[in-house]
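If you want the building blocks of each chain, they are given just below.
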Amino acid sequence: MKGTAFALVLAGLTAATSAHASGPEAGKLSFSVFGGTDIPTSGDVHGGATAPVPDLGPLNPDLAGVSAELRIQPRSHDRIYDRADSYGLELGYGLSDRSEVFGQIRHTRASQGNVQVGGAFVPALNTELPVYGNFSTYKSYSAELGYRHYFMEPGSARPFVAGRLGATRTDAIKASFDIPAAAISIPNARFTEQSWSASAGVDVGVLFPVSDNFSITAQAGLRYIAKLDGDDRDIGGLGLSSINDDAKRLSVPVSISARWDF
């Protein structure tokens, strides 16, 4: 009899804990703060092109009358910017104890990058001189809506999957191009405009309850940002207007968040 009574009490406590455990619940709101890293896996900052330059004189008067051929090669996000810092806020609304909808704002920032972007072949010298590009800081701001579905019962660690869709505003990017061997420099060339692009993502993760209304979440996923708008005002005259037309980004965001349910 005592054993039966104890089992009933334990079952009642377990049910009460589950009913009030952190995580989604129908009609309940949540607020999260998250931060982490965004690792680019695909997508070029710029494409490739071959452009003849009949006279280098406008770029360096000492080379007046000397021709060259610019041979620019594609360069990816991971080669120019590598990993970016990413952080933001989220507001969720529970549909049930297994699902919720959410709205999220996110800021992503990567430090400026400097790489060799190709070469300038000079027929008079029968040689190709390295061309370097220094690209300004990458900064974007995203606003997305999504849906998240949880597995397992409330009250314990719960895996989930999520999908989101929205828009991302990426700040204008400038680039400085240098050919040191020819003493040629094109500083702060306008490269992409401030642009709004479609963005989307999928995530998988685990929610770890800490108390009745607080939890820690760890997640990773895939994130896509559509192409930016190229700015050709400074590079179009060199025959390079096509290299900045398809600046897409595919990345793996990894983050940890603190979540409050109320």
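Residues numbered from 1 in each chain as written. Predicted model: local features only at pLDDT ≥ 70, side-chain atom pairs only at ≥ 80, totals over all residues. Heavy atoms only, no water.

Peer 1: Looking at this model, I keep getting lost on unusual backbone geometry. Mind explaining?
Peer 2: With the exception of glycine, most residues fall at negative phi, and the peptide bonds are largely trans. Located in the positive-phi region is Asp82, a residue other than glycine, with phi close to 60°. Position of Asp82 relative to the elements: it lies in the loop between α2 (77-80) and β6 (84-94). Even without glycine at this site, Met152 takes up a positive phi of about 70°. Structurally, Met152 can be placed in the loop between β10 (138-150) and β11 (158-170). (Helix = DSSP H or I, 4+ residues; strand = E, 2+ residues; numbered from the N terminus.)

Peer 1: Any chance you could explain the pairing of β10 here in plain terms?
Peer 2: The side chains of a regular strand alternate, first on one face of the sheet and then on the other. Here β10 shows a clear split, with Tyr138, Ser140, Ser142, Glu144, Gly146, Arg148 and Tyr150 buried on one side and none of Lys139, Tyr141, Ala143, Leu145, Tyr147 and His149 buried on the other. Where strand β7 (residues 99-110) meets β10, 12 bridges bridge the pair, whose relative direction is antiparallel. Looking at β10, one finds that Ala110 is bridged to Tyr138. In this sheet, β11 lies alongside β10 in antiparallel orientation, the contact comprising 11 bridges. Within β11, the position partnered with Tyr147 by the bridge is Gly163. (Buried < 20%, exposed > 50% of the residue type's maximum accessible area, 1.4 Å probe, protein only. Pairing = 2+ DSSP bridges.)

Peer 1: Just to check I follow, could you spell out the sheet that holds strand β9 (residues 127-135) for this structure?
Peer 2: To summarise the sheet geometry, strands pair through backbone hydrogen bonds and adopt either a parallel or an antiparallel arrangement. With antiparallel pairing, the six strands of this open sheet are ordered in space as β3-β4-β8-β9-β12-β13. With partners counted over all chains shown, the strands left at the sheet margins are β3 (49-53) and β13 (184-192), one partner each. On average, each strand axis in the sheet is tilted by 25° relative to the strand beside it, whichever way the strands run. Taken together, the six bridges between strand β12 (residues 173-179) and β13 define a ladder with antiparallel strand orientation. The partner of Phe177 across the bridge, within β13, is Ile186. (Axes fitted to C-alpha atoms, helices over the stretch in contact; angles between N-to-C directions.)

Peer 1: Mind showing me how you'd approach the side chain of Ser22 here?
Peer 2: Summarising the element assignment, Ser22 is placed in the loop between α1 (2-19) and β1 (29-42). In terms of polar contacts, Ser22 uses its side chain to reach the backbone carbonyl oxygen of Ser211, at 3.4 Å. Among the polar contacts listed, one links the side chain of Ser22 to the backbone oxygen of Phe214, at a separation of 3.4 Å. When near neighbours in sequence (up to four residues on either side) are disregarded, Ser22 contacts Leu207, Pro209, Val210, Ser211, Asp212, Asn213, Phe214, Ser215 and Asp261. (Polar contact = N/O pair within 3.5 Å; in protein donor to acceptor, adjacent residues only side chain to side chain. Contact = heavy atoms within 4.5 Å.)

Peer 1: How should the side chain of Ser30 be read in this particular structure?
Peer 2: When you line up the elements, Ser30 lands in strand β1. Ignoring any residue separated from it by four or fewer positions in sequence, one finds Ser30 in contact with Glu90, Leu91, Gly92, Glu100, Arg259, Trp260, Asp261 and Phe262.

Peer 1: When you look at the packing of aromatic side chains in this model, what are you seeing that I'm missing?
Peer 2: To describe a pair of aromatic rings, you give the distance between the ring centres and the angle between the ring planes. Counted according to the given criterion, the structure contains seven aromatic pairs. The interplanar angle of 80° and the centroid separation of 5.5 Å between the aromatic rings of Phe135 and Phe191 together place this pair among those described as edge-to-face. With Phe135 in strand β9 and Phe191 in strand β13, the pair connects residues that are 56 residues apart, well separated along the chain. Residue classification places Phe191 among the buried residues on the basis of a relative accessible area of 0%. With 5.3 Å between their ring centres and 45° between their planes, Phe214 and Trp260 make a pair best called tilted. Residue Phe214 is found in strand β15 (residues 214-225), and its partner Trp260 is found in strand β16 (residues 249-261); the two are separated by 46 residues along the sequence. For Phe214, a relative accessible area of 21% puts it in the partly exposed group. With a relative accessible area of 37%, Trp260 lands in the partly exposed category. (Phe/Tyr/Trp six-rings, centres within 6.5 Å; stacked < 30°, edge-to-face > 60°.)

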